[in-house]
Amino acid sequence: MRIAVIGGGLGGLTAARALVGAGFDAHVLEASPRPGGVIGTSSVDGFVREHAASSFLGGAAHGALALCEALGVPVEQASPRAKRRWIFLDGKLRALPSNPLQLVRSDLLTWRGKLDLLREPFREARAGTDESVHAFAARRFGAEAARAIVAPFVTGVFAADAHDVSLAAGFPRLAALDAQGGIARGLLKQAAKGVVRKVTGKGAASGPRGMFAPRGGLGTLIDRLAGELGDRVHTHRRIGELAATERGVRVDGEAWDAAVLAIPAEDAIGLVPTLPAVAMRLAAFHRAPAAQVYLGFAADQVPLAGDGFGFLVAQGEDLRVLGVVFESTVWPDRAPAGQVLVRCIFGGSRDPDAAGLDDAMLIAQATRDVGIALGARGVPTHASVVRWSRGIAQYPVGHRDHVRAAVAAARSHRIVLAGADYRGPGVNDLCADGDVIVEELRSWT
Ligand SMILES: Cc1cc2nc3c(=O)[nH]c(=O)nc-3n(C[C@H](O)[C@H](O)[C@H](O)COP(=O)(O)OP(=O)(O)OC[C@H]3O[C@@H](n4cnc5c(N)ncnc54)[C@H](O)[C@@H]3O)c2cc1C
């Protein structure tokens, strides 16, 4: 089968790679001069900037780590100095506890909040209809932990309000643990299985844990993926129309056996005016805009940025930034010697207007916010902005039902939906999604 993969972001590239590996004749049609979509890495004044995703977790069976290994992309693990995570809550940075002892000592929750959290294992399991992450967190951990810990964490992934994110679609592992009796119990069971596996050598190993990135940035993974696909990647090919034929599809007039639609759903709507049922289903998906401000400082201007991964901002604080990543602490070679690089993320569905501010306003806001949270002094040595109007895929309550309906509508016209809008927005999700797309196409033949 000759397959047109429309869109050469990570979703399109991993789909095409999986299809070619399974014997399909797949070609990527990408509008811009370079593949990768929002993902890319650039170097300015010796500061290495990630344009979107910067890392992924190990431990996923068909995730990015496995793909990097298959492509021969060298990876590095996040620095041990990046272990600590911070939450900006009630006007100051507070360390996120990573074990029960730290929780007892933490100033992130009151005693009442801590006791509420510790009651989690004794609360009833719940499975069934979807709910928001906030509803889940308040029910299992108590209102304080929901606000102080879970909501900022949700912002870190979706740049969204936790009330607006589906537990089942956004955090399926938590939903599964909830259904099986609770989070603490489930984690204990998993830890026990790990010990048994270590002692007996039986059971599937899940690969190395921790946070990883390709050496030199995620742009390296895109380059290798596109390099492997070679002349199957066609850049400067903005597709204007996708139509159905009796035995396949037509892409800008050219006949193909099927199409993989791997562009943001909101853009895809305009491609299918002759397929109103598909267009109607695609309207359920949305990507929130995001703007990132990169600030460089002399290391002694901002000593706190040398300790930890970064911080997330709880809702209702006097900072506009959603979160800040201490890039050069996580990946030490991303700033010139004696300098640090921080990445400040604005916008998302929590504050979409912020992503529309002009560069000077965003840089001023980021400098102010970093000054308040980290005590950064003086003028940054570097400041630049990267922004995306279609930034971060949003998964509201009911998302999985929307995906099922959209996939079925597309299938009836020999179209497969791919990319961040559907089965997971993260790098690991998109790497694993290629197999799902192959299965979908095989199921038609
Ligand atoms: C700021 C930010 C930070 C992130 N951080 C992380 C992280 O740390 N870890 C993580 O796992 N994930 C992260 N993500 C999420 C992840 O990077 C994205 O979800 C993912 O890269 C999206 O890939 P995609 O292929 O679905 O879409 P895109 O990257 O948007 O690619 C779509 C492609 O389609 C092309 N296109 C559009 N219209 C047409 C057309 N008509 N014809 C042809 N081509 C077209 C576009 O040019 C683009 O190349 C982050 C995202 C953002 C925005």
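As the structure is a prediction and not an experimental result, all values here were calculated from the model. (Residues numbered from 1 in each chain as written. Predicted model: local features only at pLDDT ≥ 70, side-chain atom pairs only at ≥ 80, totals over all residues. Heavy atoms only, no water.)

Visitor: What am I meant to see in the domain arrangement of the protein here?
Guide: The extent of an interface is frequently quoted as the accessible surface area lost upon association of the parts. Under the domain assignment, the protein is made up of domain 1 (2-37 + 216-285 + 396-442), domain 2 (109-200) and domain 3 (287-393). Each partner contributes to the interface: domain 2 provides 10 residues, whereas domain 3 provides 11 residues. With both sides pooled, the region where domain 2 packs onto domain 3 buries about 870 Å², and carbon together with sulfur makes up 56% of that total. Linking domain 2 with domain 3 are one salt bridge, by the criterion used here. The interface formed by domain 2 and domain 3 contains five residue pairs in polar contact (both at pLDDT 80 or more). When its residues are assigned to classes, the side of domain 2 that touches domain 3 shows six nonpolar, two polar and two charged. (Domains from an automatic or database assignment. Contact = heavy atoms within 4.5 Å. Buried area = accessible area lost by both parts, 1.4 Å probe. Salt bridge = Lys/Arg side-chain N within 4 Å of Asp/Glu carboxyl O. Polar contact = N/O pair within 3.5 Å; in protein donor to acceptor, adjacent residues only side chain to side chain. Nonpolar A, V, L, I, M, F, W, Y, C, P; charged D, E, K, R; others polar.)

Visitor: Can you help me understand the site of the ligand in this one?
Guide: Not every one of the 32 residues close to the ligand is listed here, only the nearest: Gly-11, Glu-30, Ala-420, Pro-425 and Val-427. One of the backbone N or O atoms of Ala-31 is found 3.1 Å from a nitrogen atom in the ligand. Within the side chain of Arg-287, one N or O atom sits 3.0 Å away from an oxygen atom of the ligand. Relative to its unbound accessible area of 1000 Å², the ligand is 87% covered by the protein chains. (Near = heavy atom within 4 Å. Areas by Shrake-Rupley, 256 points an atom, 1.4 Å probe, with all protein chains shown as cover.)

Visitor: Help me understand the nonpolar core, please; the structure alone is not making it clear to me.
Guide: Taken as a class, soluble globular proteins show a tendency for nonpolar side chains to be buried jointly. By size, the foremost hydrophobic cluster in this structure holds 38 residues, and its most contacted members are Leu-19, Val-260 and Leu-441. Put simply, the parts of the chain that give this core at least two residues each are strand S1 (2-6), helix H1 (10-21), strand S2 (25-29), helix H2 (64-71), helix H10 (218-229), strand S14 (258-261) and helix H16 (427-442). Among all residues touching Leu-441, those that are not within four sequence positions of it are Met-1, Ile-3, Leu-19, Phe-24, Ala-258, Val-260 and Val-416. With 31 residues, the next largest nonpolar core counts Leu-89, Val-133, Val-154 and Ala-314 among its residues. (Core = buried A, V, L, I, M, F, W, Y, C linked by side-chain atoms within 4.5 Å. Buried < 20%, exposed > 50% of the residue type's maximum accessible area, 1.4 Å probe, protein only. Helix = DSSP H or I, 4+ residues; strand = E, 2+ residues; numbered from the N terminus.)

Visitor: I tried to follow the packing of aromatic side chains on my own but got confused; where do I start?
Guide: One pass over the structure, following the stated rule, counts six aromatic pairs. For the pair Phe-158 and Tyr-395, a centre-to-centre distance of 5.4 Å together with 45° between the ring planes defines the contact as tilted. Here Tyr-395 lies in the loop between strand S19 (382-393) and helix H15 (399-411) and Phe-158 lies in helix H6 (residues 143-158), a separation of 237 residues in the sequence. Note on Phe-158: relative accessible area 1%, which makes it buried. Taking the relative accessible area as the measure of exposure, Tyr-395 reaches 1% and is therefore buried. An aromatic cluster is present here, built from Phe-153, Phe-158, Phe-171 and Tyr-395 joined pairwise through their rings. In this structure, Arg-2 is placed above the aromatic ring of Trp-256, and the distance from its NZ or CZ to the ring centre is 3.9 Å. Just above the ring of Tyr-294 sits the side chain of Arg-49; from NZ or CZ to the centre is 5.2 Å. (Phe/Tyr/Trp six-rings, centres within 6.5 Å; stacked < 30°, edge-to-face > 60°. Lys NZ or Arg CZ within 6 Å of the ring centre and 35° of its normal.)

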